[in-house]
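As a plain string of letters, each chain reads:
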Amino acid sequence: MCKNDQGGPHTFRNKWTTFLKTRLNCSVAGNYPFYFDEIQSMSNVVTTGDGDMVFGIFNTPDNSIPGSAVCSFRMSDIKESFEGAFKSQSHANANWLPLDDRDLPEDRPGSCHNDSRSLDEKHLNFLKENMLMDRAVPTSIHLPHYIKTSPHERLTAIAVEPAVATANGETADILFVGTTRGRVLKLASYRGQTNLIEELQVFPLHVAVSNLLVARETGQQAKLVV
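What comes next is a walk through the structure. Source: prediction; values computed, not measured.

Conventions and cut-offs
Residues numbered from 1 in each chain as written. Predicted model: local features only at pLDDT ≥ 70, side-chain atom pairs only at ≥ 80, totals over all residues. Heavy atoms only, no water. Helix = DSSP H or I, 4+ residues; strand = E, 2+ residues; numbered from the N terminus. Buried < 20%, exposed > 50% of the residue type's maximum accessible area, 1.4 Å probe, protein only. Polar contact = N/O pair within 3.5 Å; in protein donor to acceptor, adjacent residues only side chain to side chain. Contact = heavy atoms within 4.5 Å. Pairing = 2+ DSSP bridges. Axes fitted to C-alpha atoms, helices over the stretch in contact; angles between N-to-C directions. Phe/Tyr/Trp six-rings, centres within 6.5 Å; stacked < 30°, edge-to-face > 60°. Lys NZ or Arg CZ within 6 Å of the ring centre and 35° of its normal. Core = buried A, V, L, I, M, F, W, Y, C linked by side-chain atoms within 4.5 Å. Patch = residues over 30% accessible without salt bridge, like charges linked within 9 Å, V, L, I, M, F, W, Y side chains within 5 Å. Areas by Shrake-Rupley, 256 points an atom, 1.4 Å probe, with all protein chains shown as cover. Salt bridge = Lys/Arg side-chain N within 4 Å of Asp/Glu carboxyl O. Lys, Arg positive; Asp, Glu negative; His and termini not counted. Charge placed at Lys NZ, Arg CZ, Asp CG, Glu CD.

**Some details on the side chain of Asn59**
So, step 1. If you trace the backbone, Asn59 turns up in strand S6 (residues 51-59).
So, step 2. Judged by relative accessible area, Asn59 falls into the buried class, the value being 6%.
So, step 3. At a separation of 2.6 Å, a polar atom in the side chain of Asn59 contacts the side chain of Ser68.
So, step 4. Sequence-distant contacts of Asn59, that is, excluding residues within four places in its chain, are made with Phe36, Asp37, Glu38, Gln40, Gly67, Ser68, Arg154 and Leu155.

Structure below.
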């Protein structure tokens, strides 16, 4: 969505004119993929050895097998999804299919305009019915970094210290992950492999970690704020 979106004209004056959405695919592949569909927490955009990324906590629904996962997504893949085909239904009971580019308005929906209030109704009516992108965004390593399946504890929050120098001169991304049982898990992601390296009990078991922040002051080592 564009920062300067002021809504549309007339009946669209209180509605966004650039809002589009795409799916972040956090799942375990297989003949029957296992999906973590509910976003619990997202990191800021961080610059890693693989480019600009976001990391997130994804949970299964409450009525499903209890589980949580940490997935990461390249900003370039997110951009590619938003620049790709739209997903559309011809009627309420039809399958969702990619929309032919010939059916798009002249100005591509979702693009920024100097004055959104000057957009015509054809453009805005299209957006009212078509705001979902066809291509889901794949995880950066094509599987979750970390999975926890437990009926007693789920993952809640995430913060990332990217591109931390290692002893061999390379870099690793350090992930701090909170849980519903007052713990912070410290993970190291290196060359596509993620390992649990430390567990900290920061709160009593009945107090969930709701927010994490990596704070850095000039010339000092980064600190974790819970």
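Having seen the structure, we can now continue with the description.
**Remarks on the sheet that holds strand S14 (residues 183-190)**
So, step 1. Spatially, the four strands line up as an open sheet ordered S12-S13-S14-S15, and their pairing is antiparallel. The sheet terminates laterally at strand S12 (155-165) and strand S15 (193-201), the two strands that pair on one side only. For this sheet, the mean inter-axis angle between neighbouring strands, taken without regard to orientation, is 20 degrees.
So, step 2. As paired elements, S14 and S15 share eight bridges and run antiparallel to each other. Directly across from Arg183, in S15, lies its bridge partner Gln201.

**Points about the packing of aromatic side chains**
So, step 1. Overall, the coordinates contain three aromatic pairs when judged by the stated rule.
So, step 2. On the numbers, 5.2 Å between centres and 75 degrees between planes, the contact of Phe34 with Phe36 is edge-to-face.
So, step 3. Measuring from ring centre to ring centre gives 5.5 Å for Phe86 and Phe126, while their planes differ by 80 degrees; the resulting arrangement is edge-to-face. You can see Phe86 sitting in the loop between helix H1 (75-82) and strand S8 (87-88) and its partner Phe126 sitting in helix H2 (residues 121-129), a full 40 residues away along the chain.
So, step 4. When the ring centre of Tyr35 is taken as origin, the NZ or CZ atom of Arg23, which lies over that ring, is 4.5 Å away.

**Notes on the nonpolar core**
The nonpolar side chains of soluble globular proteins are, as a tendency, buried together.
So, step 1. If you look at the biggest cluster of nonpolar residues, it comprises 13 residues, and the most contacted ones within it are Phe55, Val70, Leu155, Ile158 and Val177.
So, step 2. One finds Leu24, Phe58, Cys71 and Ile78 within the second-largest nonpolar core, a separate group that totals 10 residues.

**With respect to the pairing of strand S13 (residues 171-179)**
So, step 1. Burial of S13 is extensive: eight of the nine residues sit out of reach of the surface.
So, step 2. Relative to S13, S12 runs antiparallel, the two being bridged by eight bridges. When the bridges of S13 are listed, Glu161 appears paired with Ile174.
So, step 3. The pairing of S13 with S14 spans six bridges and is classified as antiparallel. Residue pairing for S14: Phe176 is matched across the bridge by Lys186.
So, step 4. Counting the residues between successive antiparallel strands, the hairpin from S13 to S14 contains three residues, one of them, Gly182, with a positive phi of roughly 75 degrees.

**Observations concerning a negative patch on the surface**
So, step 1. Taken together, the side chains of Glu106, Asp107, Asp120 and Glu121 present a region of like negative charge at the surface.
So, step 2. Among the secondary structure elements, Asp107 is positioned in the loop between strand S9 (97-98) and H2.

**Looking at the pattern of salt bridges**
So, step 1. A full pass over the atoms with the stated rule returns nine salt bridges.
So, step 2. Ionic pairing is found between Asp37 and Arg23, a salt bridge with its closest N-O pair at 3.0 Å. In this pair, Asp37 is assigned in the loop between strand S3 (34-35) and strand S4 (38-42) and Arg23 in the segment before strand S1 (24-25), connecting sequence segments 14 residues apart.
So, step 3. Using a relative accessible area of 36% as the deciding quantity, one classes Arg23 as partly exposed.
So, step 4. Of the charged contacts, one joins Asp134 and Lys87 as a salt bridge, the two residues approaching to 3.1 Å between their closest N and O atoms. Of this pair, Asp134 sits in the loop between H2 and strand S10 (137-138) while Lys87 sits in strand S8, and the two are 47 residues apart along the sequence.
So, step 5. Owing to a relative accessible area of 26%, Asp134 belongs among the partly exposed residues under this scheme.
So, step 6. Judged by relative accessible area, which is 18%, Lys87 ranks as buried.
So, step 7. Via salt bridges that share partners, Lys148, Glu153, Arg183 and Glu199 belong to a single interconnected network.

Function-wise, these values are silent; they only describe arrangement.
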